[in-house]
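So you can see what is in the structure, the chains are spelled out below.
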Amino acid sequence: MVIGQEGNMPNLIISGAPGIGKTTSILCLARELLGSAYKEAVLELNASDDRGIDVVRNRIKMFAQKKVTLPPGRHKVIILDEADSMTSGAQQALRRTMEIYSNTTRFALACNMSSRIIEPIQSRCAILRYTTLTDKQLTKRLLEICEMEKVSYDPEGIEAIVFTAEGDMRQAVNNLQSTASGFGHVSAENVYKVCDQPHPVIIQGILLHCGRGDIEKASEPLQVLWDQGYSALDIITTLFRVVKQDTALAEAQKMDFVREIGMTHMKILEGVQSLVQLYGLLARMCRSTMPPAAFALS
């Protein structure tokens, strides 16, 4: 880590999805920079703290003014987690504080959307944008945890955890812990019970029947999922994730399905969460796979 070795840390904004290591990266960098002075020279405020304008004017300003013995060329570090939830007034006050104490203090802001940080702060920071973690990265870490914690698992169970986590390492570890402590063995069936999501195999069956234009057979598993208590949002979200990974569908057909699922997802988010909406989606997907002549008027 070049910054950690040379000590020339700029003000930072790290943005990205939840659970991909933004705050952890900043904490590791701070420890590398400050060593034994870490406890005295780092102030961390997370989303549970009140971070209005008074906190910036008092707590953050007082910490920036504090005298601390540091290694040569190092600065105090103020870490603001979920910085995009700070009020506009607090961000304006923070901008001024960053200017005044730039010789002694560095700021590291972690957020989900950097666009919610005001422009004056963005211009004073180096912006790093993290992408979601890949399935390979999640799998590697989960296997390491299973080995260290002596967790009983099978490969399908690890795949199920990776599928449900959607690139979120925090969610993946939580699901692994919940499944292992609840059932004693990490299998696909146990994972989906813990996460309470529609099973992808059932969703794949729905897509298979839609690909063949068989609306009746596609409707049967959908009714089963609905009777089990899954909401329209649960079903449509899993449909979208499964169709993206489905290798049995032709690319053009997959694009048609994604378009229809996206339109239905938008309607569901607007409040139309009925079973009829999902049946309409299946009908449209089936229709996209059938020849136009089948719908010609006689």
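Before reading on, note that the structure itself is shown above.
Quantities reported herein were computed from a predicted structural model and do not represent experimental measurements.

(A) Region of interest: the environment of Thr97. For Thr97, the location among the structural elements is in helix 5 (residues 88-100). Between the C-alpha atom of Thr97 and that of Asn175, which follows or precedes it by 78 residues, the distance is 40 Å.

(B) Here's a closer look at the nonpolar core. Residues Leu176, Leu207, Cys210, Leu239, Leu278 and Met285 are the most contacted members of the largest nonpolar core, which totals 45 residues. If we ignore the near neighbours within four places in the chain, the residues touching Cys210 are Ala218, Phe257, Leu282, Met285, Cys286 and Thr289. In terms of nonpolar packing, the next biggest core, distinct from the first, is built from 22 residues, Ile13, Ile78, Met86 and Phe107 among them.

(C) Fine view of the sheet that holds strand 1 (residues 12-15). Strands sit in the order 2-3-4-1-5 across an open sheet of 5 strands; the sheet is parallel. The strands lining the two open edges of the sheet, one partner per strand, are strand 2 (42-45) and strand 5 (126-129). Going across the sheet, the axis of each strand differs from the next one's by a mean of 15 degrees, ignoring polarity. Pairing of strand 1 with strand 4 (residues 105-111) involves 4 bridges; the strand directions are parallel. Considered in strand 4, the bridge of Ile14 is made with Ala110. Set on the sheet, helix 2 (residues 22-34) makes contact with strand 1, strand 2, strand 3 (76-80) and strand 4; between it and strand 4 the angle comes to about 160 degrees.

(D) Focus on the pattern of salt bridges. The full count for this structure, using the stated rule, is 7 salt bridges. Between Arg96 and Glu99 there is a salt bridge, with the nearest N and O atoms lying 2.9 Å from each other. Note that Arg96 and Glu99 are positioned in helix 5 at a spacing of 3 residues, about one turn of the helix. When the shortest N-O distance is used, the salt bridge between Glu166 and Arg241 registers 3.4 Å. You can see Glu166 sitting in the loop between helix 8 (155-165) and helix 9 (169-183) and its partner Arg241 sitting in helix 13 (residues 232-245), a full 75 residues away along the chain. Taken together, the salt bridges that share partners define one network made up of Arg96, Glu99 and Arg124.

(E) Structural context of helix 4 (residues 53-65). The terminal C-alpha atoms of helix 4, which comprises 13 residues, lie 17 Å apart, in line with the 18 Å expected from a rise of 1.5 Å per residue. Turning to helix 4, its buried residues are Val55, Val56, Ile60, Phe63 and Ala64. Looking straight down helix 4, one finds its buried side chains confined to an arc of 105 degrees; they lie on one side. Those residues of helix 4 that are exposed and angled more than 90 degrees off the buried face are Asp54, Arg57 and Met62. Among the structural elements, helix 3 (38-41), strand 2, strand 3, helix 5 and strand 4 are those in contact with the buried residues of helix 4.

(F) Region of the structure containing the environment of Glu156. For Glu156, the position within the fold is in helix 8. Glu156 sits 32 residues away from Ala188 along the chain, and the two C-alpha atoms are 5.4 Å apart.

(G) Expanded view of the side chain of Asp154. Mapped onto the elements, Asp154 comes out in the loop between helix 7 (135-149) and helix 8. Buried and without a salt bridge, Asp154 has Lys193 as its closest oppositely charged side chain, separated by 12 Å. For Asp154, the side chain forms a polar contact with the side chain of His185, separated by 3.2 Å. Dropping the residues within four chain positions of it, Asp154 is found in contact with His185, Val186, Ser187 and Ala188.

About the cut-offs
- Residues numbered from 1 in each chain as written.
- Predicted model: local features only at pLDDT ≥ 70, side-chain atom pairs only at ≥ 80, totals over all residues.
- Heavy atoms only, no water.
- Helix = DSSP H or I, 4+ residues; strand = E, 2+ residues; numbered from the N terminus.
- Core = buried A, V, L, I, M, F, W, Y, C linked by side-chain atoms within 4.5 Å.
- Buried < 20%, exposed > 50% of the residue type's maximum accessible area, 1.4 Å probe, protein only.
- Contact = heavy atoms within 4.5 Å.
- Pairing = 2+ DSSP bridges.
- Axes fitted to C-alpha atoms, helices over the stretch in contact; angles between N-to-C directions.
- Salt bridge = Lys/Arg side-chain N within 4 Å of Asp/Glu carboxyl O.
- Expected span 1.5 Å × (residues − 1).
- Arc of directions from axis to C-beta.
- Lys, Arg positive; Asp, Glu negative; His and termini not counted.
- Polar contact = N/O pair within 3.5 Å; in protein donor to acceptor, adjacent residues only side chain to side chain.

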